[in-house]
Amino acid sequence: ARSSSSLSFFLMKTVKMKMNVRLCVLLVVVLLFSWCVSHAALASSDKTSCDASTCSVPHSVADDGSLASYDSVEAILEKHLGANSEGLKEVKRVMYGWNRGNEVSAMKLPTKATSMAKEGKFQIEGYEFKAAPEEMRAPRLVTIGAIQNAIVANTSAPFLEQRQAIYDRVTQLIEAAGEAGVDVLGLQEAWTMPFAFATREKRWLEFAEDAADGPSFHLLSPLARKFNMVIVSPILERDDAHGETIWNTAVIIDNAGRYLGKHRKNHIPRVGDFNEATYYLEGDTGHPVFDTVYGKIGVNICYGRHHPLNWMGFGLNGAEIVFNPSATVGQLSEPMWSIEARNAAIANTYFAVAINRVGTETFPNPFTSGDGKPAHKDFGHFYGSSYVAAPDASRSPGLSRFRDGVLVTKVDLNLVRQVKDSWMFRATARYDMYADLLAKYVKPGFKPQVVSSSKMQVKPVKADEDTADE
């Protein structure tokens with residue numbers, strides 16, 4: 001509210017000074033955008049009131065997970081500013097960046113793919129990121145796909161029934177992605193199952209499988225061959241070779257349907273209901289980059305997106321596209337969501353693909369997380385909003401906050417080198433200095449490099465002194 005008042009005050013001063021009318025209009029647009037985003041963020045971060053059998057949703061978030069009956073923040077802006085208005089165009093330029101001097105352009109998708117989406121009642125959207133023409137390199141055009149989906153069967157149904165229902169739905173979405181020409185496809189975190197890791201019930205480990213020879217691999221391998229598509233498949237892995245240990249793992253299947261490799265989740269959350277360490281611990285695979293026919297791919301699984309050095313690890317190993325398969329809820333992280341993958345794409349000069357599941361998953365038994373909240377049966381709403389961010393600071397609009405969807409994004413990987421040459425982030429980085437600091441920091445005797453005044457004193461506050469804000 002205070003920031004909105006400041007903007008309003010500045011706007012009035014601007015009008016009084018008879019400044020450029022276009023600037024005034026732009027300020028109104030930015031103010032409206034700020035209100036929409038903050039209103040949505042406040043609604044999504046409101047505490048819910050839960051007991052063992054019910055959970056009420058904040059009034060600004062509809063029961064289906066929409067924002068006041070809108071698919072997304074983008075839809076709210078289009079409604080109030082006009083889909084083709086100059087005001088909306090300027091807001092997108094400031095908030096979402098421009099690619100090659102324009103907003104990221106929508107891409108027409110094949111009729112068969114859009115018809116499949118209509119018949120299957122899921123969203124499909126296409127966008128295109130462009131690079132400058134080069135004289136000595138041909139364009140490196142790659143179509144990236146991202147799938148977000150809700151579970152299908154009730155969590156009290158038999159496990160085989162739950163898994164098969166997910167398999168059937170995700171196969172439908174993959175078929176549409178294939179018809180849309182996707183070359184590299186990413187699925188959401190632990191896509192084969194409900195995200196049951198708050199319950200702390202070990203029976204959900206029945207969904208764990210072998211990375212290279214499990215049922216999900218045998219489902220996806222023929223689809224990868226059929227569409228000449230690389231697939232990133234995040235699953236719950238059971239490592240038979242090492243005492244049947246459980247891992248949160250992303251499996252990479254190449255375009256010939258072969259097992260290429262895997263990456264295990266580096267950072268495990270211990271926040272709110274996300275007590276995943278009950279099931280698996282930090283991964284041991286480092287920051288592998290998979291060299292495919294469509295480019296070099298990394299996978300930063302879910303909670304790793306909160307750790308900038310984790311993103312950096314994939315960049316240092318040469319990644320051009322980094323997928324971030326996730327499962328996160330509005331009450332916890334939604335204000336962060338639109339920022340983190342975009343920041344990573346900018347800082348590490350690659351394309352980042354942020355994928356989040358959708359829906360509210362209600363479990364048979366109530367659970368608590370030692371946070372003082374009443375027992376409840378669900379995490380909250382998984383808010384989707386999957387998007388792609390480019391190294392030039394532009395990003396696509398997000399998918400729906402509550403609907404299954406396929407995001408299709410055509411990119412020119414030449415943009416990666418072009419941005420490196422332009423901004424020179426790698427050339428100007430001080431890796432030797434960072435390495436020296438980290439080497440000292442990990443030792444028990446580390447002392448922070450803090451310079452203090454020997455005569456520094458804190459000025460006491462008088463009892464009757466009021467602050468300006470109060």
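Please read these numbers as outputs of a predicted model, since none were measured by experiment.

Caption draft 1: Inspection of unusual backbone geometry at higher detail. Even without being a glycine, R200 presents a positive backbone phi close to 65°. In this structure R200 comes out as partly exposed when scored by relative accessible area, which is 38%. Phi angles above zero are rare outside glycine, and E244 is one such case at about 60°. Exposure remark for E244: the relative accessible area of 46% places this residue in the partly exposed category.

Caption draft 2: Layout of empty space enclosed by the protein. Scanning all chains against the criterion turns up 2 cavities of 30 Å³ or more. A volume near 60 Å³ is recorded for the largest cavity. Lining the largest cavity, in full, are P269, V271, F274, C302, Y303, R305, H306, A327, T328 and L332. Considering only residue class, the lining of the largest cavity consists of 7 nonpolar, 2 polar and 1 charged.

Caption draft 3: Broad picture of the environment of D371. By secondary structure assignment, the location of D371 is in the loop between β14 (358-367) and β15 (376-383). Taking the C-alpha atoms as reference points, D371 and G272, separated by 99 residues in sequence, lie 6.9 Å from one another. Aside from chain neighbours lying at most four places away, what touches D371 is G272 and D273.

Caption draft 4: Focus on the packing of helix α6 (residues 159-179) against helix α7 (residues 215-227). Closest axis-to-axis distance for the α6/α7 pair is 11 Å, and the angle between their directions is 15°. In terms of axis orientation, α6 runs roughly parallel to α7. Where α6 crosses over α7, the handedness of that crossing is right-handed. Residue-level inspection shows R163, Y167, T171, I174, E175, G178 and E179 of α6 in contact with α7, the latter providing P215, S216, L219, L220, L223, K226 and F227. Here the residues of the contact of α6 with α7 sort into 7 nonpolar, 3 polar and 4 charged.

The rules behind the values
- Residues numbered from 1 in each chain as written.
- Predicted model: local features only at pLDDT ≥ 70, side-chain atom pairs only at ≥ 80, totals over all residues.
- Heavy atoms only, no water.
- Buried < 20%, exposed > 50% of the residue type's maximum accessible area, 1.4 Å probe, protein only.
- 1 Å grid on protein atoms, 1.4 Å probe; cavity = no way out; pocket = protein on both sides within 12 Å on 5 of 7 lines; lining within 4 Å.
- Points joined across faces, edges and corners; volume = space filled by probe spheres on them.
- Nonpolar A, V, L, I, M, F, W, Y, C, P; charged D, E, K, R; others polar.
- Helix = DSSP H or I, 4+ residues; strand = E, 2+ residues; numbered from the N terminus.
- Contact = heavy atoms within 4.5 Å.
- Axes fitted to C-alpha atoms, helices over the stretch in contact; angles between N-to-C directions.
- Parallel < 35°, antiparallel > 145°, perpendicular 65-115°, else oblique.
- Left-handed = near helix turned anticlockwise from the far one by under 90°.

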